[in-house]
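Structural features, examined
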Amino acid sequence: MYKNIPSFLLLVLVALLMNSCFGKTGTHVTPQMDFSAMFVNPQIKNDSVIGAKDTLFATYKEELEYLYMDTMQLGDTVMFIGRFVSYPNHLVSVKAAYDSVRVHAWFNVDIHDEKQKQYFAADSQPEKGFLHFNPIVDFVMFSTYIVPQEAGSHTIKMTVMSDSEFSTNSLTFVLPVK
């Protein structure tokens, strides 16, 4: 009879340890974002890039926590594809923050398309770089366009937010224009 007491105590200990996790069920992860190459004046055919004037390269400045892009010419357009993932959580929003007087930026998303309409909240403004999602979305991928309106150094901050406890992730990049 006394031989089963250690097994019983071990079973009770395991049950107590497992029970302590039940108050916070679910997995919470930081939303992720990835970006394609940055194409200058891309040529698009059937949703595919078939050519571009150039590709901008970037250097990560760790001490300042931003990407510093190659210099581009005023009048050029930069396009890149962004991929945003929050699985197993849901995306809340994706936003591009920038000086709207010095830079024009937008997401190439048709929020009025019947197939895509269900995914976007009514306050989404892709023409201004803001998407707000209905709580069924955990993955999106779309093109972002940037057209500088004047020479100088322009800062663009991409932010993705999810319903996770670790809800926000962002990347800032600097785009010099001459």
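How each quantity is defined
- Residues numbered from 1 in each chain as written.
- Predicted model: local features only at pLDDT ≥ 70, side-chain atom pairs only at ≥ 80, totals over all residues.
- Heavy atoms only, no water.
- Helix = DSSP H or I, 4+ residues; strand = E, 2+ residues; numbered from the N terminus.
- Buried < 20%, exposed > 50% of the residue type's maximum accessible area, 1.4 Å probe, protein only.
- Phe/Tyr/Trp six-rings, centres within 6.5 Å; stacked < 30°, edge-to-face > 60°.
- Lys NZ or Arg CZ within 6 Å of the ring centre and 35° of its normal.
- Pairing = 2+ DSSP bridges.
- Axes fitted to C-alpha atoms, helices over the stretch in contact; angles between N-to-C directions.
- Salt bridge = Lys/Arg side-chain N within 4 Å of Asp/Glu carboxyl O.
- Polar contact = N/O pair within 3.5 Å; in protein donor to acceptor, adjacent residues only side chain to side chain.
- Contact = heavy atoms within 4.5 Å.

Right, let's get into unusual backbone geometry. For the bond running from Tyr87 to Pro88, omega is 15 degrees, close enough to zero to count as cis. Relative to the elements of secondary structure, Pro88 occurs in the loop between β8 (78-85) and β9 (91-97). Phi angles above zero are rare outside glycine, and Glu65 is one such case at about 60 degrees. Within the element layout of this structure, Glu65 appears in the loop between β6 (58-61) and β7 (66-69). Given the relative accessible area of 59%, Glu65 is considered exposed.

As a further point, take the packing of aromatic side chains. Tallied over the entire structure, the rule returns 7 aromatic pairs. A ring pair is formed by Trp106 and Tyr145, whose centres lie 5.3 Å apart and whose planes are at 10 degrees; its orientation type is stacked. Taken together, the residues Trp106 in strand β10 (residues 103-107) and Tyr145 in strand β12 (residues 139-148) connect sequence positions 39 residues apart. Take Trp106: its relative accessible area is 24%, and that puts it in the partly exposed class. Owing to a relative accessible area of 13%, Tyr145 belongs among the buried residues under this scheme. Each residue in the set Phe35, Phe80, Phe84, Phe107, Phe142 and Phe173 is aromatic and connected to the rest through ring pairs, giving one cluster. The aromatic ring of Tyr68 is capped on one face by Lys61, whose charged end is 5.9 Å from the ring centroid.

Here we come to the sheet that holds β6. Spatially, 6 strands are ordered β6-β7-β14-β13-β9-β11 in an open sheet, and the strand pairing comes out mixed. At either end of the open sheet lies a strand with only one pairing partner, and these are β6 and β11 (130-132). With strand direction ignored, the average angle separating the axes of adjacent strands in the sheet is 15 degrees. The pairing of β6 with β7 spans 4 bridges and is classified as antiparallel. Across the sheet, Thr59 pairs through a bridge with Tyr68, a residue of β7.

Right, let's talk about the pattern of salt bridges for a bit. Taken as a whole and judged by the stated rule, the model has 4 salt bridges. The shortest N-O distance in the salt bridge between Arg102 and Glu150 comes to 2.9 Å. With Arg102 in the loop between β9 and β10 and Glu150 in the loop between β12 and β13 (152-162), this pair connects stretches of sequence that are 48 residues apart. For Glu150, a relative accessible area of 33% translates into the label partly exposed.

If you trace the backbone, Ser164 turns up in the loop between β13 and β14 (168-177). Within the local environment of Ser164, its side chain forms a polar contact with the backbone oxygen of Val29, the two atoms lying 2.9 Å apart. Setting aside residues no more than four positions away along its own chain, Ser164 makes contact with His28, Val29, Thr30 and Asn89.

This next bit is on the environment of Val137. Tracing the chain through its elements places Val137 in the loop between β11 and β12. Each C-alpha atom of the pair Val137 and Tyr87 lies 8.8 Å from the other, and the pair is 50 residues apart in sequence. In contact with Val137, other than residues within four places in its own chain, are Ser86, His90, Leu91 and Tyr119.

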